Amino acid sequence: MTVLVLGGAGYIGSHTVYALIEKGEDVVIIDNLETGHIEAVHPKARFYKGDIRDRAFVDSVLDKEKIDAVIHFAANSLVGESMTNPLKYYDNNVNGTKVLLQSMVAHGLNKIVFSSTAATYGEPERVPILETDRTEPTNAYGETKLSMEKMFKWTDRAHGLKYVSLRYFNACGAHVSGQIGEAHKPETHLIPLILQVPLGQREAISIFGNDYPTKDGTCIRDYIHVTDLAQAHILAVDYLMKGNDSNIFNLGNGVGFTVNEVIETARKVTGHPIPAVMAERRAGDPAQLIASSEKAKTILGWKPEHADLEEIIATAWKWHSTHPNGYAK
């Protein structure tokens with residue numbers, strides 16, 4: 001089976017490529033390297049540098065390669081930036097997906113797995129969040145991802161394009177080999193920010209609010225190891241290859257950890273005191289975000305193998321301590 005991974009040089013994309021190749025699949029990557037890293041590209045994958053908004057480029061790849069299914073990670077994903085520059089997000093995320101789908105339909109390619117986000121739900125009605133809960137995004141990033149999901153739905157209706165949309169929160173950790181990991185500029189994710197303290201790149205970690213209605217007053221979030229996410233995308237491809245209908249699945253650990261718990265676990269893993277300083281709450285931060293992944297476990301047979309927080313942080317620390325500047329030499 002030949003799988004086209006869009007955004008395969010990015011964080012979750014590169015881990016999915018590694019997992020596909022470990023499974024013996026043939027992999028083609030498209031990435032414009034705006035936020036991806038050429039060093040993260042698996043040597044056995046065929047890499048095409050280009051932008052999915054460029055129809056001629058996408059057509060040229062689909063003309064050349066016989067693709068069985070697509071996994072789509074190519075999107076901008078910074079919540080804060082999406083609020084100050086929403087049009088960038090509509091252009092890259094929504095327009096890029098439109099061009100991609102036009103090319104897929106023209107080439108008779110009708111299977112796609114989409115890296116969506118639990119930000120499509122907005123402020124949750126209940127925890128854990130179910131796939132049937134209402135979708136009211138509170139930021140432009142979540143809104144563009146929801147728009148992309150709707151585009152798949154109507155393209156399925158018109159052209160029989162089958163899709164699986166995977167909604168998840170905080171991807172974290174790194175490949176167990178330590179060869180690839182998380183490298184964002186700017187970095188916005190909690191675990192790498194915490195690990196910058198023992199690396200000497202920041203003096204302390206900020207905790208935004210300690211008066212939330214949670215067990216220790218700090219926000220609760222769902223953290224999923226990036227390799228477990230990769231496996232879910234591969235199971236979703238298998239689900240579509242078996243001729244199943246379009247579907248949407250949440251991916252989560254179903255538990256959630258507070259910010260304090262994550263910091264405390266990082267202290268244990270790194271052996272560093274990691275000072276924390278209190279800061280004001282951030283606007284729009286819900287007290288807790290946890291997704292139920294019972295549906296994915298039942299239908300896709302997904303079983304997260306790296307749900308232990310200490311193990312997640314240990315794999316992240318292995319990567320960051322050996323690559324303190326990410327992929328930069």
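All figures in this text were calculated on a predicted structure; none of them were measured in a lab. (Residues numbered from 1 in each chain as written. Predicted model: local features only at pLDDT ≥ 70, side-chain atom pairs only at ≥ 80, totals over all residues. Heavy atoms only, no water.)

Draft legend 1. View of the sheet that holds strand 9 (residues 220-221). If you walk across this open sheet you meet the three strands as 12-9-14, and the pairing is mixed. Two strands close off the open sheet at either side, each with one partner strand: strand 12 (257-258) and strand 14 (288-289). Sheet analysis places strand 9 next to strand 12, joined by two bridges and oriented antiparallel. The partner of arginine 221 across the bridge, within strand 12, is phenylalanine 257. (Pairing = 2+ DSSP bridges. Helix = DSSP H or I, 4+ residues; strand = E, 2+ residues; numbered from the N terminus.)

Draft legend 2. Here's a closer look at the side chain of asparagine 139. Here asparagine 139 shows up in the loop between strand 5 (111-115) and helix 5 (140-159). The class for asparagine 139 is buried, based on a relative accessible area of 13%. Within the local environment of asparagine 139, its side chain forms a polar contact with the backbone nitrogen of tyrosine 141, the two atoms lying 3.4 Å apart. Side-chain polar atoms of asparagine 139 contact the backbone nitrogen of glycine 142, separated by 2.7 Å. When neighbours within four sequence positions are excluded, asparagine 139 is seen to be in contact with Val79, Ser82, Met83 and Ala119. (Buried < 20%, exposed > 50% of the residue type's maximum accessible area, 1.4 Å probe, protein only. Polar contact = N/O pair within 3.5 Å; in protein donor to acceptor, adjacent residues only side chain to side chain. Contact = heavy atoms within 4.5 Å.)

Draft legend 3. How the structure looks around the packing of aromatic side chains. Enumeration over the complete set of coordinates arrives at four aromatic pairs. Ring centres 5.9 Å apart and planes at 90 degrees place the aromatic pair tyrosine 239 and phenylalanine 249 in the edge-to-face group. Note that tyrosine 239 is positioned in helix 7 (residues 226-241) and phenylalanine 249 in strand 11 (residues 247-251), a separation of 10 residues in sequence. The two residues tyrosine 239 and phenylalanine 249 agree in class, both being buried. The structure contains a cluster of three or more aromatic residues connected by ring pairs, namely Phe114, Phe152 and Tyr163. Just above the ring of tyrosine 212 sits the side chain of arginine 281; from NZ or CZ to the centre is 3.8 Å. Over the ring of phenylalanine 249 we find lysine 295; its NZ or CZ atom is 5.1 Å from the centre of that ring. (Phe/Tyr/Trp six-rings, centres within 6.5 Å; stacked < 30°, edge-to-face > 60°. Lys NZ or Arg CZ within 6 Å of the ring centre and 35° of its normal.)

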